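Residue-level structure breakdown
Here's the letter readout for the chains.
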Amino acid sequence: LSQGLPDWVTDEPEGEEVELAPTAADSIALFFALGTQWRVHPMSGARIGIDYAAVRPTAELLGLPLNADVMTDLRSMEMAALDEFAKARPARVGR
């Protein structure tokens with residue numbers, strides 16, 4: 001499953017364990033499967049959100065449920081990821 005995922009997903013934090021609720025497994029699997037479906041700003045290259053047109057076909061292809069709870073989880077993970085992407089982006093000169 002880790003093949004093709006970015007290092008920040010597959011690296012294990014030192015001295016820290018991450019526990020995930022079994023009920024979140026489908027949401028997390030869908031989020032990782034959508035890793036190549038981010039919309040990117042054409043000028044800055046910054047990620048601006050997941051392409052929601054890809055969510056249903058990806059879920060169906062993988063046999064994952066798609067319901068309100070999964071979408072809420074997906075949006076929460078998307079917002080957290082966008083925050084991390086913003087932190088990692090170099091500061092723009094002149095601002």
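You'll find the structure just up there.
Residues numbered from 1 in each chain as written. Predicted model: local features only at pLDDT ≥ 70, side-chain atom pairs only at ≥ 80, totals over all residues. Heavy atoms only, no water.

Of all hydrophobic cores here, the largest spans 15 residues; its most connected members are Leu30, Phe31, Leu34, Trp38, Ile50, Val55 and Leu74. Among the secondary structure elements, those contributing two or more residues to this core are helix H2 (25–33), helix H3 (55–62) and helix H4 (68–88). Counting residues per element, this core draws most heavily on H4, which supplies six residues. With residues near it in sequence (within four places) discarded, Leu74 still touches Leu30, Phe31, Leu34, Ile50 and Val55. (Core = buried A, V, L, I, M, F, W, Y, C linked by side-chain atoms within 4.5 Å. Buried < 20%, exposed > 50% of the residue type's maximum accessible area, 1.4 Å probe, protein only. Helix = DSSP H or I, 4+ residues; strand = E, 2+ residues; numbered from the N terminus. Contact = heavy atoms within 4.5 Å.)

Tracing the sequence through the fold places Ser27 in helix H2. Judged by its relative accessible area of 2%, Ser27 falls in the buried class. A polar atom in the side chain of Ser27 sits 2.8 Å from the side chain of Asp73. If we skip the residues at most four places from it in the chain, Ser27 touches Val70, Asp73 and Met77. (Polar contact = N/O pair within 3.5 Å; in protein donor to acceptor, adjacent residues only side chain to side chain.)

Turning our eyes to something else, we now look at the pattern of salt bridges. Counted by the stated rule, this structure contains two salt bridges. The closest approach of N and O atoms between Asp51 and Arg39, which form a salt bridge, is 3.0 Å. Of the two residues, Asp51 is situated in the loop between strand S2 (47–50) and H3 and Arg39 in strand S1 (residues 38–40); the sequence distance between them amounts to 12 residues. A relative accessible area of 19% places Asp51 in the buried class. Classification of Arg39 as partly exposed rests on a relative accessible area of 46%. In this structure, Lys87 and Glu84 form a salt bridge, with 3.1 Å as the shortest nitrogen-oxygen distance. (Salt bridge = Lys/Arg side-chain N within 4 Å of Asp/Glu carboxyl O.)

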